[in-house]
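# Chains, contacts and geometry: an overview
Take a look at the letters that make up each chain.
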Amino acid sequence: MAESTYREAVRDAMSEAMRRDEDVFIMGEDIAEMGGSMGVTQGMLDEFGPDRVRNTPISEMAIVGAGIGAAVAGMRPIVEVMYQDFMTLAMEQLVQQAAKHRYMSGGQIKVPLTIRTQGGAGWSPGAQHAQQVEAWFLHVPGLKVVFPSTPEDVRGLLWTSIYDDNPVVFFEHRTLYGLKADVPEQLDGIELGKARVHREGEDVTVIATGRLVHESLAAAKEADEAGISVEVVDPRTLLPLDEEALVGSVKKTNRCVVAHEAVTRMGFGAEVAALVQHQAFDYLDAPVERVGAKFAPIPFAPVMEEYVVPHAEDVLAAVKRTVGKD
Amino acid sequence: MATLEEKGQTATAERLKDFLREMLLIRRFEEKVEERFRAGELPGFLHVAIGQEAVAVGVCRALEDGDVIASTHRAHGHTIAKGTPPNEVMAELYGKVEGCSHGYGGSMHLYDIERGNLGANAVVGGGLPGIVGSALAFKMRGEPRVAVAFFGDGATNIGTFHESLNLAQLWTVPALFVCEHNSYAESTPAKQHLPIEDMTKRAEAYDMTAMTVDGQNVEAVYDVAKKALKHARDGKGPVFLVADCVRLSGHYVGDPQVYRPKEEIHELRKTRDPIELLRQRLELSDDEWEEMDREATRIAEDSVEFAKKGTDPKPEDALKNVYA
């Protein structure tokens, strides 16, 4: 095992793919000399040169679209969209083009494109740089959606995404880039659509994504002290979704909390709640609880931002509600 | 006036006759589409390329093997000109498995990857960024191929157009942007949607090489497309080609064209029909013309027969091809 930050793990997956494979290249805004707005691509220009580490104009439609066209022509491009808020600018290309080319052509085309993007609250960037939009893409047949929460997962899942023959929207969380953890020496891909159980427990299953995985682990520790045993499961891939693992865990614990940073209303948690009530109805001892952001844009003032997005104590409160200890 | 043959230009005459056959085939095909739509046989809605055949044929005949195109909602002409058999195009319009998109696409999503058609797009301007990316792939791999985007004057108002031209020129990718300037964005005339008259100014803003051609003259389209493709293929950068053309039909089949004076269409049909213009240029005998026409009509009729006998997809196959 070696230690790696989440940021280094993302870079490792891309660099290793680019070393092994001429078809892989990256493009995005400020990714060359500057090394990306989050420093993820630092050093890659020196190693691979400007032809394969392509600095682009501020032009999300064109760079996502160019990624699509290059993928269709046999490359495996990785496009960085600087903030997931800016995915709004590339929605047409992603939803109407990338997701549908294969289908509309009756299976003639594949689009092996990876769109990396990041964001999230916790540092007061304001309403246009902090929201979590992963749920928007879960509604689009033809896309895959990945949201890893640890260095090992981000590296292995990015590797697999690059080599997937479908367009993958790959979410990274801004506050996780500095997170350090052990990663295996050998870079192996992690299969898309497989959840990871971070912590086993008996009383409540918390299904969490991104930053909320870590908040949920903190909540689980506190719950332990209150005599509640919490299982924390990270689906890691939101589309396709490891339904079996999620439902299996709930059947064991009989209680379920879903936690994500994005707005609760119509979020990923709503789909999970529907899934769980349908497939584990007879096992449930309490209503499925959802934890997410309150229904507002992400505000600027730190005290308001902190109020809007969920934290460990919100997860803990939800856990306690499911066992009637609130 | 001497014919081309009499002037010793047999090769040119033969080439132009080939163009004429192809344009006539597209015309008869499109007329068949209109007829079968009115008969209630074709689902969805349709846009025919009547009047714009010379752009499709002139550009596609100038392409080389390995070049790719992206088309628009008015895609039948481009697709046939790029080499997809009319049978497969018509079968697609009937929603059959034998169609060039196997029934998943329809009139506005004709694909034929083997023949270099990367897809027709029903989002105006939607195909342009992809063409920049395919051209980029060709450049990165050192392949002497060009990627071509067709689009209309209406598309020059949308963001994808500007972002694509900017990026293509910045990266000097081998792309050709063919603007079929028929002066209508659906029903809206150019004077209501274009703040400029000279369309090449669009390219000027990006320092991109621009060329203009009479889109009703297939010979001129072919010649200028050859030049533009060579420029792109030689690594000199993308080209913006404006083909001034006329739509002799409505925006869609059944469009009453209330936005357009009746005399305008009447006059254009008399003076600007690209097939009629080429027929006159070639000074074809009535016999030769009629033979060509019979052949084009036969192929169009056969395509309908082929399509009608085609296989309906299984409803549950709708769930296939969502993912690779």
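Provided above is the structure to which this section pertains.
An account of the accompanying structure is given in this report.

Scoring rules and cut-offs
Each chain has its residues counted from 1, following the order in which its sequence is written. Lettering of chains starts at A and numbering of ligands starts at 1, both following the order in which they are written. Per-residue local features of the predicted model are confined to residues with pLDDT of at least 70, and side-chain atom pairs are confined, for both listing and counting, to 80 or more; whole-chain, interface and lining totals are unaffected and use all residues. The pairing criterion for strands is at least two bridges between them, as found by DSSP. Per the convention used, a helix needs a DSSP run of H or I reaching at least four residues, while a strand needs a run of E reaching at least two, with both numbered from the N terminus. Interaxial angles span 0 to 180 degrees and are taken between N-to-C directions of axes, which are lines fitted to C-alpha atoms, for helices over the stretch in contact. Whether two residues are in contact is decided by their C-beta atoms, placed from the backbone, lying within 7 Å. Residue burial here comes from a neighbour count, namely the number of other C-beta atoms, placed from the backbone, that lie within 10 Å of the residue's own C-beta, with 20 or more meaning buried, 12 or fewer meaning exposed, and in between meaning partly exposed. If the strands point away from the viewer and the path from the first strand over the helix to the second runs clockwise, then the crossover is right-handed.

Right, let's get into the sheet that holds strand S4 (residues 175–181) of chain B. All names here are of chain B. Across the sheet, six strands lie side by side as S2-S1-S3-S4-S8-S7; this open sheet has parallel pairing. Because the sheet does not close on itself, it has two edges, and the strands there are strand S2 (117–120) and strand S7 (209–214). Going across the sheet, the axis of each strand differs from the next one's by a mean of 15°, ignoring polarity. Where strand S1 (residues 68–71) meets strand S3 (residues 147–152), three bridges bridge the pair, whose relative direction is parallel. Following the sheet pairing, valine 68 is matched in S3 by alanine 147. Against the sheet, helix H5 (residues 128–140) makes contact with S1, S2, S3 and S4, and its axis sits at roughly 165° relative to S3, the strand it touches most.

In this section: the pairing of strand S10 (residues 204–208) of chain A. Residue and element names in this part refer to chain A. Along S10, five of the five residues are buried, which leaves the element largely enclosed by surrounding structure. Between the parallel elements S10 and strand S11 (residues 230–234), the chain passes through helix H8 (residues 211–225) in a crossover that is right-handed. Relative to strand S13 (residues 256–263), S10 runs parallel, the two sharing four bridges. From the neighbouring strand, threonine 205 faces S13, where its bridge partner is cysteine 256.

The next thing to look at is the pairing of strand S4 (residues 76–81) of chain A. Every other side chain in a regular strand lies on the same face of the sheet, so the side chains alternate between the two faces. Residue and element names in this part refer to chain A. Within S4, six of the six residues are buried, leaving the element largely enclosed by the surrounding structure. Of the two faces of S4, the one lined by Arg76, Ile78 and Glu80 and the one lined by Pro77, Val79 and Val81 are each fully buried. Relative to S4, strand S2 (residues 24–28) runs parallel, the two sharing five bridges. Paired with isoleucine 26 across the bridge in S4 is isoleucine 78. Across four bridges, the pairing between S4 and strand S5 (residues 114–119) is parallel. Residue pairing across strands places glutamate 80 opposite arginine 116, the latter belonging to S5.

Read these as spatial facts, not as claims about activity.
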